[in-house]
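# Working through the structure, step by step
Below are the chains, spelled out letter by letter.
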Amino acid sequence: MKIALIAHDKKKKDIVQFALAYQPILKKHELYATGTTGSRIQEATGLNIHRFQSGPLGGDQQIGAMIATNEMDIVIFFRDPLTAQPHEPDISALIRLSDVYEIPLATNMATAELLIHALERDELHWRNIIKDRREKDKL
Ligand SMILES: O=C(CO)COP(=O)(O)O
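All residue numbers refer to position in the chain's written sequence, counted from 1. In keeping with the model being predicted, local features are shown solely for residues with a pLDDT of at least 70 and side-chain atom pairs are shown and tallied solely at 80 or more, while totals for entire chains, interfaces and linings include all residues.

Taking an unreviewed UniProt entry as the reference, the chain is identified by name as Methylglyoxal synthase belonging to Pullulanibacillus pueri.

## Thoughts on the sheet that holds strand β2 (residues 30–33)
Pairing between the strands of a sheet comes from backbone hydrogen bonds, and it takes one of two forms, parallel or antiparallel. If you trace the five strands from one edge of the open sheet to the other, you get β3-β2-β1-β4-β5, paired in parallel fashion. Taken across any chain shown, the strands that pair with only one partner, and hence form the sheet edges, are β3 (49–51) and β5 (105–106). Pairing between strands is defined by DSSP: at least two bridges between them are needed. Only DSSP runs of H or I covering at least 4 residues are called helices, and only runs of E covering at least 2 are called strands; the numbering of each starts at the N terminus. Inspection of the sheet shows strand β4 (residues 74–78) paired to β5 by two bridges, in the parallel sense. Residue pairing for β5: Ile76 is matched across the bridge by Ala106. What counts as a contact is two residues whose backbone-derived C-beta atoms lie within 7 Å of each other. Where helices are involved, their axes are fitted lines through C-alpha atoms of the stretch in contact, as for all axes, and angles between N-to-C directions lie from 0 to 180°. Lying over the sheet, helix α6 (residues 109–120) contacts β4 and β5, oriented at roughly 155° with respect to β4.

## So, the environment of Gly35
If you trace the backbone, Gly35 turns up in helix α3 (residues 35–45). Residue Gly35 is classed as partly exposed on the basis of its C-beta count, with 18 C-beta atoms lying within 10 Å. Residues Gly35 and Gly55, 20 residues apart in the sequence, show an inter-C-alpha distance of 7.0 Å. Dropping the residues within four chain positions of it, Gly35 is found in contact with Arg51, Phe52, Gln53, Ser54 and Gly59. Our exposure labels follow a C-beta count within 10 Å of each residue's own C-beta, placed from the backbone: buried means 20 or more other C-beta atoms, exposed means 12 or fewer, and partly exposed covers the counts in between.

## A look at the site of the ligand
Each residue receives a C-beta atom built from its backbone; the residue is near a molecule or strand if that atom lies within 6 Å of it. Near the ligand, the surroundings consist of Ile6, His8, Thr34, Gly35, Thr36, Thr37, Ser54, Gly55, Pro56, Gly59, Asp60 and Ile91. Where the shell around the ligand is concerned, the elements lending two or more residues are α3 and α4 (59–68). Broken down by element, the shell around the ligand gets its largest block of residues, three residues, from α3. Three categories are distinguished: nonpolar for Ala, Val, Leu, Ile, Met, Phe, Trp, Tyr, Cys and Pro, charged for Asp, Glu, Lys and Arg, and polar for the others, with Gly belonging to the last. Considered class by class, the residues forming the shell around the ligand number three nonpolar, eight polar and one charged.

## Structural notes on the pairing of β2
As judged from the four bridges shared by strand β1 (residues 2–7) and β2, these two strands associate in the parallel manner. Bridge pairing links Ile3 to Leu31 in β2. Two elements, β2 and β3, share three bridges in a ladder whose sense is parallel. Its bridge partner being in β3, Leu31 is matched across the sheet by Ile49. A crossover gets the label right-handed when its path from the first strand over the helix to the second runs clockwise, viewed with the strands pointing away from the viewer. The parallel pair β2 and β3 is bridged by α3, and the resulting crossover is right-handed.

## Brief notes about the nonpolar core
Here, a nonpolar core means buried Ala, Val, Leu, Ile, Met, Phe, Trp, Tyr and Cys residues linked by C-beta atoms lying within 7 Å of one another. Ranked by internal contacts, the top residues of the largest apolar core, which has 32 residues, are Ala4, Leu5, Ala33 and Ile76. Going through the elements one at a time, β1, α1 (12–21), β2, α4, β4, α5 (88–100), β5 and α6 are the ones with two or more residues in this core. Each residue touching Leu5, except ones within four places of it in the same chain, is listed here: Ile15, Ala19, Leu31, Ala33, Thr37, Ile41 and Ile76.

## Quick look at the packing of α1 against α3
The contact between α1 and α3 brings their axes to 9 Å, and the two run at 45°. Accordingly, the angle class assigned to the pair α1 and α3 is oblique. Note that α1 runs across α3; the crossing there is right-handed. Contacts between α1 and α3 involve Lys12, Ile15, Val16, Ala19 and Leu20 from the first element and Thr37, Arg40, Ile41, Ala44 and Thr45 from the second. Along the lines of polarity and charge, the residues of the contact of α1 with α3 split into six nonpolar, two polar and two charged. Roughly parallel covers angles under 35 degrees, roughly antiparallel covers those over 145, roughly perpendicular covers 65 to 115, and oblique covers all other angles. Each crossing gets its hand from how the near helix is turned against the far one by less than a right angle, where anticlockwise is left-handed and clockwise is right-handed.

## Focus: the packing of α4 against α5
Remark: α4 packs on α5, axes separated minimally by 9 Å, with the N-to-C direction vectors making an angle of 15°. The orientation of α4 relative to α5 falls into the category roughly parallel. Crossing geometry of α4 relative to α5 is assigned as left-handed. Here Asp60, Gln61, Ile63, Gly64, Ile67 and Ala68 of α4 come into contact with α5, specifically with Asp90, Ile91, Ala93, Leu94, Leu97 and Ser98. For the contact of α4 with α5, the class distribution of residues is seven nonpolar, three polar and two charged.

Dropping the structure here:
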C-alpha cells in the first residue's frame, strides 16, 4: 500500500513518535511524505520515504495529485487545528480529494492508530479491488 505521512510543525514530534512506534508495519509499505515531515521521520527511523515538496511549497498538492490518479491508498495527516497555515487552500484540497476518492484519511493520532491496525490486519485490502476496477474502467 502507498501511505502518505504529513504533519504540521506543532505535530511533527507526534508523527515521529507514531512512525517509531509503528516502524515494523510502515516499513512493509511504500511511504510518501511532504518535505520536512519526511526528513524528520527519515532521520528518526531510517525508513525509506519518497519526499515531496514542503507543504507550503506544494507538497500537499503533489500528494493530492497521487490521490486523483488513484495512486495513494492511505493518508495520515496530523493537522494542527490551532494554527493558521499560509497554504490552507492546499490543505482543504487534499482533504477534499481524499473524500472524493474515498481514501482512508486520519487527521489525528487516535484515528491514525486505528488505520494502521486495520492495515496490519489486511482490512484495507478493498483498496486493491477498487484500484483494479478503476484500471479496468480506463481500458
Ligand atoms: O505543511 C504541511 C502540510 O500541510 C507539511 O509540510 P512539511 O512536511 O514540509 O512541513
